[in-house]
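Take a look at the letters that make up each chain.
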Amino acid sequence: AAGGYGAISACSNYAFRFVAELIETADVSTSQAEQLQSQLTALIGPIEAHGIVGTKAAAAAMGLEAGYPRLPLRPLADETVAEIETAVRAVLVA
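Attention in this report is confined to the structure presented alongside it. (Residues numbered from 1 in each chain as written. Predicted model: local features only at pLDDT ≥ 70, side-chain atom pairs only at ≥ 80, totals over all residues. Heavy atoms only, no water.)

## Here we look at the overall build of the protein chain
Then comes step 1: Helix and strand counts for the protein chain come out as four helices and zero strands.
Then comes step 2: The linear arrangement of helices and strands in the protein chain, starting from the amino end, is α-α-α-α.
Then comes step 3: Whereas a compact globule of 94 residues would reach a radius of gyration of roughly 12 Å, the protein chain reaches 14 Å, a difference of no more than 12%.
Then comes step 4: For the protein chain, with 94 residues in total, the buried portion stands at 30%.
Then comes step 5: Considering only contacts in the protein chain between residues 6 or more positions apart, those separated by 24 or more positions represent 53%.
Then comes step 6: As displayed, the protein chain offers around 6,200 Å² of accessible surface, 54% of which is attributable to carbon and sulfur atoms.
Then comes step 7: Side-chain charges of the protein chain comprise 5 positive and 10 negative groups, with the mean position of each set lying 12 Å from the other. (Helix = DSSP H or I, 4+ residues; strand = E, 2+ residues; numbered from the N terminus. Rg over C-alpha atoms; globule rule 2.2 N^0.38 Å. Buried < 20%, exposed > 50% of the residue type's maximum accessible area, 1.4 Å probe, protein only. Contact = heavy atoms within 4.5 Å. Areas by Shrake-Rupley, 256 points an atom, 1.4 Å probe, with all protein chains shown as cover. Lys, Arg positive; Asp, Glu negative; His and termini not counted. Charge placed at Lys NZ, Arg CZ, Asp CG, Glu CD.)

## Describing the environment of I52
Then comes step 1: Residue placement: I52 occurs in helix α3 (residues 51-61).
Then comes step 2: Considering only alpha carbons, one finds I52 and P75, 23 residues apart in sequence, at a separation of 10.0 Å.

That's the geometry; what it means functionally is another story.
Shown next as structure tokens:
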């Protein structure tokens, strides 16, 4: 939201509407886009800290068929998945 156009982020796999809104908003209001970017950054930090497996958990929380991670990656602990689901629902599911 700082003058660039577009986005490259794993969050586009599960937060596609939010990312599209952010990009569209950036054309209209930098300050509003920065607010949306702050919300997105707060959400994706804990998710993407788990890499592909975290992204798959977030996608599954959005109702997408994310599949299982391939070896050598392992599924996240149930507690971590629950934390990701709660975060995703709080920000992305209205």
